[in-house]
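Chain residues, written in single-letter form:
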There are 2 protein chains.
Amino acid sequence: MGQIGGIDVRIEAAVAAALALGQGPADGAEAPGKLRAALDHAVFPGGARIRPTILISVARACGDDRPALTDAAAAALELIHCASLVHDDLPCFDDADIRRGKPTVHRAYGEPVAVLTGDSLIVLAFEVLARAAGDHPRRAVELIRVLAQRTGMPGGICAGQGWESEAEVNLAAYHRAKTGALFIAATQMGAIAAGQEAEPWEELGARIGAAFQVADDLKDALLTEAEMGKPAGQDAAHARPSAVRELGVQGAVRHLKDILGGAIASIPSCPGEAMLAAMVRAYAERMTPVDLQPARGAVRG
Amino acid sequence: MGQIGGIDVRIEAAVAAALALGQGPADGAEAPGKLRAALDHAVFPGGARIRPTILISVARACGDDRPALTDAAAAALELIHCASLVHDDLPCFDDADIRRGKPTVHRAYGEPVAVLTGDSLIVLAFEVLARAAGDHPRRAVELIRVLAQRTGMPGGICAGQGWESEAEVNLAAYHRAKTGALFIAATQMGAIAAGQEAEPWEELGARIGAAFQVADDLKDALLTEAEMGKPAGQDAAHARPSAVRELGVQGAVRHLKDILGGAIASIPSCPGEAMLAAMVRAYAERMTPVDLQPARGAVRG
């Protein structure tokens, strides 16, 4: 959604300001140098910054009357996402060597620094929100509550990752926590930052999260490793639950469209309702590009 | 400080309530079972709960007019301390097998669950504070800010641990972050929970933290492995900086007494000033017991 006026620039500035807070004074003498550098490595250059983009889009749709709080919320959410990538890449989880085209944090700085990088980014997310409270401590507290709820236990991304250590998995709870949680945080935090209630925005976040899950399943089934930037065909190889395994490629594409239709229908009444619907439609186009057409999928899927 | 009226009971109740929030509904079906059990394993039974004891003592000295907020602050601080122990015990740091007389979390539940346990406890600490805000969102925001500052980068316990991956160490910054930070959080959060300014309470926390560091150095030099419950003589074996190496045993004991005298002198004017001074004196007695007398130390130190 880089097209929507200046959101990209706004996110990068907010994340950079947050990171500077965690790195401390520029001379660096007061903070350990490797950990200081690793924070930067984990956060820049970023990926698609999808979650903060959704957050700011919702805040704008609700009037965005406290943009500094919105920026802090966007940065905090992205820091949590980056922290989760650093810890998920560790040898005891995915043991990944490469992330976003460069060595993972533990490959570049060692495992102790990688554990501390994730920990520090989690803590920094909450510090950024507390420091942005200004004249709106109630909004800040609510942002912190929602971000924590969607990050930790029992229903956040930590819980989602925790399900992967279980012999028997509650699949609904697993997907809700692992993929859905931070998308729900995105829509709810956008609303809270702009002074609105969080609750009406849960469904939109949950549906966008579900759509990304199905789109990921489709990519895993249809794209090559070179196109993915990581190994393809992993769901089938590991017999993982997948919308493509369950519904076939054409069924999964239809399912994705249904979810996104439901997402648009779920948008709460607000000044920017039409803009948000356009955003979801744009995501839908990006998630089902030409090379994910059923004709090709039928050959490889 | 278990002697001071009911603090022990109050802390255990507050930590149990916080943990129940992180574990979710009692049937457990909505959360991954191993991670759920590991949270409990990491937090109960506790150690000395020194940091929350100091926190509640300071809050009481300041009037403790919002005890629910004080309890939340005490629980949050202890959750952060427990999280740091779980991560510090990991194979890439201390590779510890035993903690508080039972297997460490990664030995009991595996390394992935141990990483997630630390992450979840950090997040839970901030969630507990956000949920306790009630009619005092400004106090809650300030508690979150101080806890984050003393936990993460550039000056919290994450930074302290991060210095151990550096070739050249800023020793003052290292000790301030590694040992001092959570004691400063304890005194400052106690004051904030009771509606007072944080700043005047920094020195007391820093001095108590410094005293614990010297006491630890003395124990390492003077006690046996059986008395310590962990390997003794590690500072000398690893040529680590230590007050005993620098000052000798008698010098370190004198230094400890000086620090504690300064701690008492630094207590800000408040209704419970005398009670706090008595608390610091009680810690001083516990930190320099009969078997740490110079006579014995001169033989073994």
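About the cut-offs
- Residues numbered from 1 in each chain as written.
- Chains lettered and ligands numbered in written order.
- Predicted model: local features only at pLDDT ≥ 70, side-chain atom pairs only at ≥ 80, totals over all residues.
- Heavy atoms only, no water.
- Helix = DSSP H or I, 4+ residues; strand = E, 2+ residues; numbered from the N terminus.
- Rg over C-alpha atoms; globule rule 2.2 N^0.38 Å.
- Buried < 20%, exposed > 50% of the residue type's maximum accessible area, 1.4 Å probe, protein only.
- Contact = heavy atoms within 4.5 Å.
- Areas by Shrake-Rupley, 256 points an atom, 1.4 Å probe, with all protein chains shown as cover.
- Least-squares fit on C-alpha atoms with pLDDT ≥ 70 in both.
- Buried area = accessible area lost by both parts, 1.4 Å probe.
- Salt bridge = Lys/Arg side-chain N within 4 Å of Asp/Glu carboxyl O.
- Polar contact = N/O pair within 3.5 Å; in protein donor to acceptor, adjacent residues only side chain to side chain.
- Nonpolar A, V, L, I, M, F, W, Y, C, P; charged D, E, K, R; others polar.
- Axes fitted to C-alpha atoms, helices over the stretch in contact; angles between N-to-C directions.
- Parallel < 35°, antiparallel > 145°, perpendicular 65-115°, else oblique.
- Left-handed = near helix turned anticlockwise from the far one by under 90°.
- Expected span 1.5 Å × (residues − 1).
- Domains from an automatic or database assignment.

**Some words on the overall build of chain A**
Phase 1: Helices and strands together make up the secondary structure of chain A, namely 15 helices and two strands.
Phase 2: Here the C-alpha radius of gyration of chain A, 19 Å, is about what a compact globule of 301 residues would show, namely 19 Å.
Phase 3: Judged by the C-alpha coordinates and their principal axes, chain A covers about 55 × 50 × 35 Å.
Phase 4: The 301 residues of chain A split such that 56% are buried.
Phase 5: Put simply, 68% of the contacts in chain A that link residues at least 6 apart link residues at least 24 apart.
Phase 6: Entry remark: accessible area of chain A is about 11,700 Å², with carbon and sulfur atoms responsible for 52%.

**Examining the relation of the copies chain B and chain A**
Both copies of the chain are tied together by a single rotation about an axis and a shift running along it.
Phase 1: Structural alignment of chain B on chain A gives an RMSD of 0.0 Å, achieved by rotating through 180° and translating 0.0 Å along the axis. Those values place the two copies in the arrangement expected of a two-fold rotation axis. Within chain B, the C-alpha atom positioned nearest to the axis of rotation is that of Pro137 of chain B, 2.7 Å from it.
Phase 2: Interface overlap between copies is the fraction of interface residues in one copy that are interface residues in the other; for chain B against chain A it reaches 100%, indicating a shared surface.

**Considerations on the interface of chain B and chain A**
Phase 1: Every contact between the two is made by 55 residues of chain B and, on the other side, 55 residues of chain A.
Phase 2: Summed over both partners, the interface of chain B with chain A comes to about 4,600 Å²; 69% of that surface belongs to carbon and sulfur atoms.
Phase 3: Inspection of the region where chain B meets chain A yields two salt bridges.
Phase 4: Where Arg176 of chain A meets Glu30 of chain B, a salt bridge forms, and the shortest distance between an N and an O atom there is 2.8 Å.
Phase 5: At the junction of chain B and chain A, the tally comes to 14 residue pairs in polar contact (both at pLDDT 80 or more).
Phase 6: Taken together, the elements giving at least two residues each to the side of chain B that touches chain A come down to α1 (7-23), α2 (33-43), α6 (111-131), α7 (137-151), α8 (157-162) and α9 (171-193) of chain B.
Phase 7: Counting residues per element, the side of chain B that touches chain A draws most heavily on α6 of chain B, which supplies 13 residues.
Phase 8: For the side of chain B that touches chain A, the class distribution of residues is 29 nonpolar, 14 polar and 12 charged.

**Side note on the packing of helix α2 (residues 33-43) of chain A against helix α6 (residues 111-131) of chain A**
Residue and element names in this part refer to chain A.
Phase 1: It is at 9 Å that the axes of α2 and α6 come closest, and there the two elements cross at 70°. Regarding the angle of α2 to α6, the classification is roughly perpendicular. Seen along the crossing, α2 lies across α6 with a hand that is right-handed. Along the contact surface, α2 presents Lys34, Leu35, Ala38, Leu39, Ala42 and Val43, while α6 presents Val113, Leu116, Thr117, Ser120 and Leu121.
Phase 2: Within the contact of α2 with α6, the residues separate by chemical class into eight nonpolar, two polar and one charged.

**A few points about helix α3 (residues 50-61) of chain A**
An α-helical turn contains 3.6 residues, so a residue and the one three or four places further along point in the same direction.
Residue and element names in this part refer to chain A.
Phase 1: With 12 residues, α3 extends 16 Å from end C-alpha to end C-alpha; this agrees with the ideal 16 Å at 1.5 Å per step.
Phase 2: In terms of burial, α3 is a largely internal element, 11 of the 12 residues being buried.
Phase 3: When α3 is considered as a whole, its buried residues turn out to be Ile50, Arg51, Pro52, Thr53, Ile54, Leu55, Ile56, Ser57, Val58, Ala59 and Ala61.
Phase 4: In this structure, the buried side of α3 is in contact with α1 (7-23), α4 (67-88), α9 (171-193), α10 (202-222) and α14 (273-287).
Phase 5: Two residues or fewer past α3, Gly63 is found with a positive phi of approximately 105°.

**Comments concerning the domain arrangement of chain A**
Residue and element names in this part refer to chain A.
Phase 1: Its domain assignment divides chain A into domain 1 (1-177 + 191-196) and domain 2 (198-301).
Phase 2: Placing the centre of domain 1 and that of domain 2 at their C-alpha centroids yields a distance of 23 Å.
Phase 3: Taken together, the 17 residues of domain 1 in the interface contact 16 residues of domain 2.
Phase 4: Of the roughly 1,400 Å² buried where domain 1 meets domain 2, counting both sides, 75% is carbon and sulfur surface.
Phase 5: Taken together, domain 1 and domain 2 are joined by one salt bridge.
Phase 6: As a salt-bridge pair, Glu202 and Arg150 come within 3.7 Å of each other at their nearest N and O atoms.
Phase 7: At the level of elements, α3, α7 (137-151) and α9 are the ones that each hand at least two residues to the side of domain 1 that touches domain 2.
Phase 8: With seven residues, the single largest contributor to the side of domain 1 that touches domain 2 is α3.
Phase 9: In terms of residue class, the side of domain 1 that touches domain 2 is made up of 10 nonpolar, four polar and three charged.

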